[in-house]
Amino acid sequence: MTLSPPLNGLKVMEFAGLAPGPFAGMMCADFGATVLRIDRAQSNTIAPTPDTLTRRKHSICVNTKRREGVELLKAMIPTMDILIEPFRPGVMEKMGLGPEVLMRLNPRLIYARMTGFRRDGKYASMAGHDINYIAVSGALSMLGRKDETPYAPGNILGDFGGGGLVCFLGIVLAVASRERTGYGQVVEANMVDGAAYLATMPRLSQKGPSWSAPRGTNLLDGGAPFYDTYVTKDGGYMAVGALEPQFFAALLKGLEIDEKSIGGNRLDKKTWEKQKKMYTDKFKSKTRAEWEKVFDGTDACCTPILTNAELEKAGFDHRPIVHLNGTPAMAIHDGDPDDRPARQGQGLGIEGSGWDVKGLKPGDGGEEILAIWMGWQKGRHYVEKDGGYEHVEAGLRPKI
């Protein structure tokens, strides 16, 4: 029997920000929570924000530089479950919306804070982006080819892995804790600690043989020829991860290479340059499709490197980040929910199926959420002024 998603019924107030905060909010929405994004007041023509992480979210515009706007948000806090704020240290406190204020209004509130640098570190007051956060975490120093500068993997490791995902984990842990204690708490996530934690294994391995050499010359960082990527005859790419002996044997069988021709133990770094050349030449002898036919169904740990365009064309079904058999998340891939396996999520899915997003215009759907959550009506409980909603002194009372 399939029950409601695990966060169903929870109310989330998400302050608009860049990637990690919206990512945490999107995961809350995917697992059943109702998420209301707080956008800045809009004085001009309203268009969708650049934020693409807007699945199932709603929005209201609030001018937090005005007392009436701040009071509107404070009036909502007693009914909120979770607040997500993505700002630099001190911003929320300057608005009068810091945790010491809001958690007095609602002791059950889970106040999630997402920063790049540590709040108590030397970089706390500095601007930065993913590349800066993973740089000072130690993770970036391990990424990149031999004799080249460290190379950042897009903004996946900091913003999303060490940032938004870690923040979401903290929120879920705080929800579990609140079930036992009855109290909320402040959740502090930062991308420095998050990325450093994700890099625990390679960091600890630097004291051992598998990762003790310079960047790009180790077993898992592009140094080993049997754990690398290769160009095919048609300009495609294949990924090779044949670490174990039996997988390596299957790789050589598919490549039609005699292991004796390597000239020694495959783990001996003295053979790696020769192996690299052999595999490079071999992979260039066939197209990617031909190599797929060779290795599909084998244990060679050799797969094509697929592009998102290819996956979209093939109808790849995007699924929730984790499968919960009894209380699955909401579906991402659009389609008929009647015969969809639980692992694909529940419900109708989202238009675009994880490939396209229309974005969320500031203010979209917010009035309906205020009516449902608070029982408020525009003009009676709140008004719009200069592109933002504001408190009406006499009318704001939580719906009981």
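To keep things clear, this report deals only with the structure shown in the data block. (Residues numbered from 1 in each chain as written. Predicted model: local features only at pLDDT ≥ 70, side-chain atom pairs only at ≥ 80, totals over all residues. Heavy atoms only, no water.)

Describing the overall build of the protein chain
Turning to step 1, where the next piece is worked out: Helix and strand counts for the protein chain stand at 13 helices and 11 strands.
Turning to step 2, where the next piece is worked out: Over its C-alpha atoms, taken along the principal directions, the protein chain stretches across nearly 85 × 55 × 45 Å.
Turning to step 3, where the next piece is worked out: Burial status across the protein chain gives 44% buried among its 400 residues.
Turning to step 4, where the next piece is worked out: A separation of at least 24 residues holds for 63% of the contacts in the protein chain among residues at least 6 apart in sequence.
Turning to step 5, where the next piece is worked out: Of the accessible surface of the protein chain, which amounts to about 20800 Å², a share of 54% is contributed by carbon and sulfur atoms.
Turning to step 6, where the next piece is worked out: Taking the average location of the 50 positive side-chain charges in the protein chain and that of its 48 negative ones, the two points are 4 Å from each other. (Helix = DSSP H or I, 4+ residues; strand = E, 2+ residues; numbered from the N terminus. Buried < 20%, exposed > 50% of the residue type's maximum accessible area, 1.4 Å probe, protein only. Contact = heavy atoms within 4.5 Å. Areas by Shrake-Rupley, 256 points an atom, 1.4 Å probe, with all protein chains shown as cover. Lys, Arg positive; Asp, Glu negative; His and termini not counted. Charge placed at Lys NZ, Arg CZ, Asp CG, Glu CD.)

Let's talk about the environment of Val166
Turning to step 1, where the next piece is worked out: Along the chain, Val166 turns up in helix α6 (residues 156–181).
Turning to step 2, where the next piece is worked out: Separated by 184 residues in sequence, Val166 and Ile350 place their C-alpha atoms 24 Å apart.
Turning to step 3, where the next piece is worked out: Not counting chain neighbours up to four residues away, the residues in contact with Val166 comprise Gly161, Ala189 and Gly194.

Digging into the packing of helix α5 (residues 130–137) against helix α7 (residues 191–198)
Helix-helix packing is characterised by the crossing angle of the two axes and by the distance between the axes.
Turning to step 1, where the next piece is worked out: Closest axis-to-axis distance for the α5/α7 pair is 8 Å, and the angle between their directions is 60°. If you check the angle between α5 and α7, you find them oblique. As for how α5 packs across α7, the hand of that crossing is right-handed. Across the interface between the two elements, Tyr133, Ile134, Val136 and Ser137 from α5 touch Met191, Val192, Ala195 and Ala196 from α7.
Turning to step 2, where the next piece is worked out: Among the residues making up the contact of α5 with α7, the classes are represented as 7 nonpolar, 1 polar and no charged. (Axes fitted to C-alpha atoms, helices over the stretch in contact; angles between N-to-C directions. Parallel < 35°, antiparallel > 145°, perpendicular 65-115°, else oblique. Left-handed = near helix turned anticlockwise from the far one by under 90°. Nonpolar A, V, L, I, M, F, W, Y, C, P; charged D, E, K, R; others polar.)

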